[in-house]
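Examining the three-dimensional arrangement
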Amino acid sequence: MIGFPRSDSAQYDFIRAQTKDVSSREEMEFPAEYMFKEVPKDLPAEDPISVTLRGMDRHNIEWGLIGVEDETSRLALTRHPDRFVASASVDPNQGMAAVRKLVREHEEFGVRAATVFPAGTFPQVPINDKKMYPVYAKCVELDIPIFVCAGVPGPRLRMDPQRVELIDEVMFDFPELVFVTRHGCEPWTELAVKLMLKWPGLHYSTSAFSPKYYPKAIVDYANTRGADKIIYGGYFPMGLSLERIFEAMPNVAFRDHVWPKFLHENARRVLKIG
């Protein structure tokens, strides 16, 4: 999970429109800023693709998963198809229009994943809501994974749509679905581990977390039975710099056999890269 520097924070307006506290609506540029130290700011935005590529090269990041919603991302996919792969953001409130959009972007940009932020939809759509089911079905049909935020959201939005137990019903109804959680699953990480043991298609990505704060339950699971289920997820430039991520990374207590799977092999398999 990676993106490109921007000169404004308009991409978060959809979150601000739903929050009620003054800090979220008027003070914070990044709606979850209260949770992060040293949020990357004032990055050069004249050539944002080059800024991100330089950071990727500096930290040996071969591939970045990006959206297709903005012109910069689409340009990056066109210019650097060997460095970026596309994901499609889906709003299940749009019904079949959301499904058609996913198909269109799959055909046009070769998207390798769909993404949904349940707490950020408006109205909110829970993970197991039947509005989500056409999207899940289309992901199975297109043979692409879906990345879904789970756990208490960072922005000051209601958490109910992202309760981890809701994933169980989805995996029961769509056993062929590859479902990857985003943003931690806290405070239900132990439940997430139980569900990953239960459902072969369920995975966990470490997006939005500094390695310093990877949950112990996730590290222990990766070191035992879950080496094939845990996927590195970044958060640049949203809330974490690449420097902060990779300075802390060597201190994670993964066993030797976990590292290649965590850093690239699992993502390559799930996203069908290479």
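Up top is the structure.
I will try to describe carefully the structure that is included in this document. If you're wondering where the values come from, they're calculated on a predicted model, not measured in any experiment.

**A closer look at the nonpolar core**
- Formed by 80 residues in total, the largest nonpolar core has its most connected members in Phe84, Tyr136, Ile146 and Phe179.
- The element that contributes the greatest number of residues to this core is helix H6 (residues 133–142), accounting for five residues.
- Other than its neighbours up to four places away in sequence, Ile146 contacts Ala114, Val116, Val135, Tyr136, Cys139, Leu177, Val178, Phe179 and Val180.

**Section: the packing of aromatic side chains**
- Considering all chains together, one arrives at 16 aromatic pairs under this definition.
- Centre to centre, the rings of Tyr12 and Phe30 are 5.4 Å apart; their planes meet at 50°, and the pair counts as tilted. Note that Tyr12 is positioned in the segment before helix H1 (13–16) and Phe30 in the loop between helix H2 (22–27) and helix H3 (48–58), a separation of 18 residues in sequence. In terms of burial, Tyr12 and Phe30 fall into one category: buried.
- Ring geometry for Tyr232 versus Phe262: centroids 6.1 Å apart, planes at 85°, classification edge-to-face. Of this pair, Tyr232 sits in the loop between strand E7 (230–231) and helix H10 (242–248) while Phe262 sits in helix H11 (residues 258–271), and the two are 30 residues apart along the sequence. One exposure class covers both Tyr232 and Phe262, and it is buried.
- A connected cluster of aromatic rings, assembled from ring pairs, spans Tyr214, Tyr232, Phe246, Phe254, Trp259 and Phe262.
- Note that Lys130 overlies the ring of Tyr133, its terminal NZ or CZ placed 4.8 Å from the centroid.
- It is Arg156 that lies over the ring of Tyr34; its NZ or CZ is 4.4 Å from the centre.

**Description of the pairing of strand E4 (residues 146–149)**
- Side chains Ile146 and Val148 of E4 all project onto a buried face; the interleaved residues Phe147 and Cys149 project onto the opposite face, where all are buried too.
- For strand E3 (residues 113–116) and E4, the ladder comprises three bridges, and the chain directions are parallel. Looking across to E4, one finds that Ala114 is bridged to Ile146.
- Each parallel crossover has a hand, and for E3 linked through H6 to E4 it is right-handed.
- Note: E4 against strand E5 (residues 179–182), four bridges, orientation parallel. Along E5, the bridge assignment pairs Ile146 with Phe179.
- Between the parallel elements E4 and E5, the chain passes through helix H7 (residues 166–173) in a crossover that is right-handed.

**Overview of unusual backbone geometry**
- Cis peptide bonds are those with omega within 30 degrees of zero, and the linkage from Phe122 to Pro123 qualifies with -5°.
- Its location among the elements puts Pro123 in the loop between E3 and H6.
- The linkage connecting Glu186 with the following residue, Pro187, adopts the cis geometry, with an omega of 5°.
- Its place among the elements puts Pro187 in the loop between E5 and helix H8 (189–198).
- Its identity is not glycine, yet Asp42 carries a phi of approximately 55°, on the positive side.

Basis of the calculations
- Numbers given to residues run from 1 along each chain, matching the order in which its sequence is written.
- In view of the model being predicted, local features appear only for residues whose pLDDT reaches at least 70, and side-chain atom pairs are presented and counted only at 80 or more, with totals across whole chains, interfaces and linings using the full set of residues.
- The side-chain figures draw on all heavy atoms in the structure; neither hydrogens nor water molecules are used.
- What makes a nonpolar core is a set of buried Ala, Val, Leu, Ile, Met, Phe, Trp, Tyr and Cys residues whose side-chain atoms join them at distances within 4.5 Å.
- Throughout this description, buried means an accessible area under 20% of the type-specific maximum (1.4 Å probe, protein chains only), exposed means over 50%, and partly exposed covers the range between.
- Put simply, DSSP marks the helices as runs of H or I at least four residues long and the strands as runs of E at least two long, and each gets a number from the N terminus on.
- The contact definition used throughout considers only heavy atoms, calling two residues in contact when any of these lie within 4.5 Å.
- Ring geometry is summarised as follows: Phe, Tyr and Trp rings, the Trp one being its six-membered ring, pair when their centres sit within 6.5 Å, and such pairs are stacked at plane angles under 30 degrees, edge-to-face over 60 and tilted between the two.
- Two limits define a charge over a ring: the Lys NZ or Arg CZ must be within 6 Å of the ring centre, and within 35 degrees of the ring normal.
- The criterion for strand pairing is that DSSP finds at least two bridges linking the strands in question.
- Orient the strands so they point away from the viewer; a crossover is then right-handed if the path from the first strand over the helix to the second runs clockwise.

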